[in-house]
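Coordinate inspection notes
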Amino acid sequence: MIAVHLENGVVTTRTLPVPPRPEGFALLRLLAGGICHTDLELQRGYYGFAGTPGHEFVAEVVEAGTRALLGKRVVGEINLACTHCEWCRKGLGRHCPNRTVLGIVGHPGAFAEFFTLPERNLHVLPDEVPTSRAVFLEPLAAACEILDQVAIPPGARVAVLGDGKLGLLIALVLNAHGYRVHQFGRHAAKLAITARVGVVTEMATEMARGALPIAAYDWVVDATGSPEGLRSAAAMTRPRGTVILKSTVHGTVAVDTAPIIVNELTLVGSRCGRFAAALPLLGHPLVRVEELIAARFPLSEAPQAFARAAERGVLKVLLE
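Note that the structure is predicted; figures quoted are calculated from it, not measured.

Reading the values: the criteria
Residues numbered from 1 in each chain as written. Predicted model: local features only at pLDDT ≥ 70, side-chain atom pairs only at ≥ 80, totals over all residues. Heavy atoms only, no water. Axes fitted to C-alpha atoms, helices over the stretch in contact; angles between N-to-C directions. Helix = DSSP H or I, 4+ residues; strand = E, 2+ residues; numbered from the N terminus. Parallel < 35°, antiparallel > 145°, perpendicular 65-115°, else oblique. Left-handed = near helix turned anticlockwise from the far one by under 90°. Contact = heavy atoms within 4.5 Å. Nonpolar A, V, L, I, M, F, W, Y, C, P; charged D, E, K, R; others polar. Pairing = 2+ DSSP bridges. Salt bridge = Lys/Arg side-chain N within 4 Å of Asp/Glu carboxyl O. Buried < 20%, exposed > 50% of the residue type's maximum accessible area, 1.4 Å probe, protein only. Right-handed = clockwise from strand over helix to strand, strands pointing away. Polar contact = N/O pair within 3.5 Å; in protein donor to acceptor, adjacent residues only side chain to side chain.

Contact geometry for helix α4 (residues 137-149) and helix α5 (residues 165-176): axes closest at 9 Å, N-to-C directions at 55 degrees. Taken together, the axes of α4 and α5 lie oblique to each other. Crossing geometry of α4 relative to α5 is assigned as right-handed. For the pair formed by α4 and α5, the contact residues are Pro139, Leu140, Ala142, Ala143, Cys144, Ile146 and Leu147 on the first element and Leu166, Leu169, Ile170, Val173 and Leu174 on the second. For the contact of α4 with α5, the per-class residue count stands at 12 nonpolar, no polar and no charged.

Reading across from one edge, β2-β1-β4 is the order of the three strands in this open sheet, with antiparallel pairing throughout. The two strands at the open ends of the sheet, each matched to only one other strand, are β2 (10-15) and β4 (50-51). Here six bridges tie strand β1 (residues 2-7) to β2, and the two strands are oriented antiparallel to one another. Following the sheet pairing, Ala3 is matched in β2 by Arg14. The strands touched by helix α10 (residues 302-309) within the sheet are β1 and β2, with β2 carrying the most contacts at an inclination of about 155 degrees.

A pair can form between side chains of opposite charge whenever their charged atoms are brought close. Enumeration over the complete set of coordinates arrives at 13 salt bridges. With a closest N to O distance of 2.6 Å, Arg29 and Glu60 form a salt bridge. Of this pair, Arg29 sits in strand β3 (residues 25-35) while Glu60 sits in strand β5 (residues 56-63); the two residues are 31 residues apart in sequence, bridging distant segments of the chain. We classify Glu60 as partly exposed; its relative accessible area is 24%.

To continue, consider the sheet that holds strand β14 (residues 200-203). The strand order across the open sheet built from six strands is β14-β13-β12-β15-β16-β17, with neighbouring strands paired in parallel fashion. Edge positions in the sheet fall to β14 and β17 (266-269), since each of these pairs with one other strand and no more. Neighbour-to-neighbour, the strand axes of the sheet open up by a mean angle of 20 degrees, direction not taken into account. Of the strands in this sheet, β12 (157-161), β13 (180-185) and β15 (217-222) touch α5, which is tilted by about 165 degrees from β13.

What follows covers the pairing of strand β16 (residues 237-245). The side chains of a regular strand alternate between both faces of the sheet. Note that β15 and β16 share five bridges and pair parallel. Along β16, the bridge assignment pairs Trp219 with Thr242. A crossover connection joins β15 to the parallel β16 through helix α7 (residues 229-236); in handedness this β-α-β unit is right-handed. Judged from the four bridges that link them, β16 and β17 form a sheet pairing that is parallel. Residue pairing in the sheet places Thr242 in a bridge with Thr266 of β17.

Turning our attention to the environment of Glu77. Following the sequence through the fold, Glu77 ends up in the loop between β6 (73-76) and β7 (79-80). Linking Glu77 and Ala195, residues 118 residues apart in sequence, is a C-alpha distance of 30 Å. Ignoring anything within four residues of it in the chain, the contact list for Glu77 reads Leu117, Asn121, His123, Gly273, Arg274 and Phe275. A distance of 2.9 Å separates the side chain of Glu77 from the side chain of His123, its partner in a polar contact. Looking at Glu77, its side chain comes within polar contact range of the main-chain nitrogen of Phe275, at 3.3 Å.

Shape descriptors only; they carry no functional weight alone.
Rendered as structure tokens:
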């Protein structure tokens, strides 16, 4: 089978044997996978990664212990939890200290013709949901995680910093839930995607103090993917407000804690989310995820696909 290999910043394809299916796992055939910001960070050295990346996917079940799964189109939770530790017993397997993570930590990813994932991680897709929409479920779940973590009052004003893939999805999700979203970004064409469904958008050529409103929002989401994002978000937040951090940045980020302490801000780190919360959004008319698709490549052209995804201003690139 063809599998993508990422090591020392270089993306290649390799021919590997089809992986064996452990007990309790399903063997999956990739239909579509999405290259996300985390994959690009892995290429830059995040986690010292070497292997097959990929964690946003839609696949067909080829082999499984549960016969009802055979032939089904599925998506899958990316954390492979131990199921018996304290965190797993709380239903927080995403924080299991013994977990591996599909395409990120200790488990080969989805950018291969065939890969495996525990059956308990899988969600069967409704027939009416196109694969090109369903491939967005993992980042949609990450956007929904904000609402699991933070009790934002109905109809509240929320600022979203950043107009990359995740920033756009966060704005779409919050808007679909009835919040008054104000999104700041650097690319008019990207901001137009959320503006078309009612998000208030504003160009901010520099995500820095002086280019953005000061102390204007009780709720601010940093999805800039930039080391400066936290500083900008904190400056925009009113005293005793909340900053939700969605950016994963390779390397150490310097933080000026003085304004955070003086203004008594709450910082909330936010990562993966529950797929069950995101599944209904695949049919929501205000969540137009397909508008984020910039290009599609066959799996055999993964190096070109990663290069395209890394270009400035490019949104979602799919491997099929």
